[in-house]
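# Understanding the architecture of this molecule
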Amino acid sequence: MSKRTVCLPDGTLVPAIGQGTWNMGENPAEKKAEIAALRLGVDLGMSLIDTAEMYGEGKSEQVVGEAIKGIRDDVFLVSKVYPHNAGKDRLFSSCEQSLKRLGTDHLDLYLLHWRGRVPMAETIEGMEQLKKEGKIARWGVSNFDTDDMKELLNTPGGGNCATNQVLYHLGSRGIEYDLLPWHQQNNVPIMAYSPLAQGGSLRKELLHDPVVRKIADAHQAEPLQVALAWSIRSNHVIAIPKAGKEKHVTANAQASALLLNTDELNQLDTVFSPPAQRMPLDII
Ligand code: NDP
């Protein structure tokens, strides 16, 4: 299986397809299957795992903690801090609690979940302190639009931001207008959340669209594998689909090897058009 990678600003290579964990741990009856799914994902090369203190108020981190027992060093571990915990008074204890739930002594990447009221400079200072203490290897942000990223980069230490995790899938391409180009120019990869459109009407469109189906058939693949392969086509985007079922994990890992040609990308553009003007950032 092909292992496509994305290069972080510090030169670290991470898999282009990782694993999301939102909603994991919320239903005790599914916990065992979720742990097995995450471990299978790591075996298949999706060794980047994304979680957050918010998910199930720590339950997702606990599931991830159990899944990575004994394989911590094989995993690139990402968690996120609530904006209201991102000031100097709470950042350190939030991080400590995440580490405890995850059963590890460090995170590979710690993200500010979205922008809140704490000044950027204070969060950056805290993140840099966590780096010095060895609690995190690097930090980044999530749900930041272009102006937020520009402001971040103009704040002392802001240039150390490793990624910006935002909503991105075939049915939501607004970031292609200026956020994604800004990221490419500044060599900061995007991490695409909900790359499979999570659920709802857009997901149905992806599943039933004849163009997506035709391309999927040509690759002996499923429509959602085409959507996932599309999201990582630039080599500058890391996608983090969530899959609690092993058959979905396997399908997602296989999508890493699915290369769409220019003609196929053009066909997808005709159905799911790129933005013609600036759009506010889509957020879940
Ligand atoms: P996704 O777009 O990843 O969709 C997840 C859904 O798709 C699940 O129901 C899953 O089912 C199903 N699925 C996964 N793979 C397949 C497949 N191959 N075929 C068919 N169905 C499939 O949605 P998420 O919103 O979960 O986004 C992914 C991750 O991004 C989150 O889990 C989270 O880690 C992160 N995120 C971050 C946000 C932020 O604000 N920073 C916001 C939202 C998400 P099943 O589980 O049954 O296998």
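Below you will find a few notes about this structure. Computed from a prediction, not measured in an experiment: that's the story for all the values here.

## A look at empty space enclosed by the protein
This model, assessed by the stated rule, comprises two cavities of 30 Å³ or more. In this structure, the largest cavity encloses a volume near 60 Å³. If you go around the largest cavity, the residues you meet are L112, M120, T123, I124, M127, W139, G140, V141, F144 and L152. Of all elements in the fold, only α4 (120-132) and β6 (139-142) reach the threshold of two or more residues within the lining of the largest cavity. Here the lining of the largest cavity is built from residues that sort into eight nonpolar, two polar and no charged. By volume, the second largest cavity amounts to about 50 Å³. Lining the second largest cavity are P83, A86, L112, W114, R115, G116, R117, V118, M120, T123 and F144. Of the residues contributing to the lining of the second largest cavity, the split by class is seven nonpolar, two polar and two charged.

## Structural notes on the sheet that holds strand β5 (residues 109-112)
Pairing in this open sheet of seven strands is parallel, and the strands run β3-β4-β5-β6-β7-β8-β9 from one edge to the other. Both edges of this open sheet fall to β3 (48-50) and β9 (237-239), since each of them pairs with a single strand only. Averaged over all pairs of adjacent strands, the angle between strand axes in this sheet comes to 25 degrees, irrespective of strand direction. Taken together, the three bridges between β3 and strand β4 (residues 76-81) define a ladder with parallel strand orientation. By the bridge assignment, L48 is partnered in β4 with F76.

## Let's talk about the site of the ligand
Residues in contact with the ligand amount to 27 residues; listed here are only the nearest, D50, Q198, R203, K242 and H248. Take Q165: an N or O atom from its side chain is 2.8 Å from a nitrogen atom of the ligand. Note that an oxygen atom of the ligand is positioned 2.8 Å from one of the side-chain N or O atoms of K245. Burial of the ligand by the surrounding chains reaches 89%, relative to a free accessible area of 910 Å². Here the shell around the ligand gets three residues from one element, more than from any other, and that element is helix α10 (residues 246-254).

Cut-offs used in this document
- Residues numbered from 1 in each chain as written.
- Predicted model: local features only at pLDDT ≥ 70, side-chain atom pairs only at ≥ 80, totals over all residues.
- Heavy atoms only, no water.
- 1 Å grid on protein atoms, 1.4 Å probe; cavity = no way out; pocket = protein on both sides within 12 Å on 5 of 7 lines; lining within 4 Å.
- Points joined across faces, edges and corners; volume = space filled by probe spheres on them.
- Helix = DSSP H or I, 4+ residues; strand = E, 2+ residues; numbered from the N terminus.
- Nonpolar A, V, L, I, M, F, W, Y, C, P; charged D, E, K, R; others polar.
- Pairing = 2+ DSSP bridges.
- Axes fitted to C-alpha atoms, helices over the stretch in contact; angles between N-to-C directions.
- Near = heavy atom within 4 Å.
- Polar contact = N/O pair within 3.5 Å; in protein donor to acceptor, adjacent residues only side chain to side chain.
- Areas by Shrake-Rupley, 256 points an atom, 1.4 Å probe, with all protein chains shown as cover.

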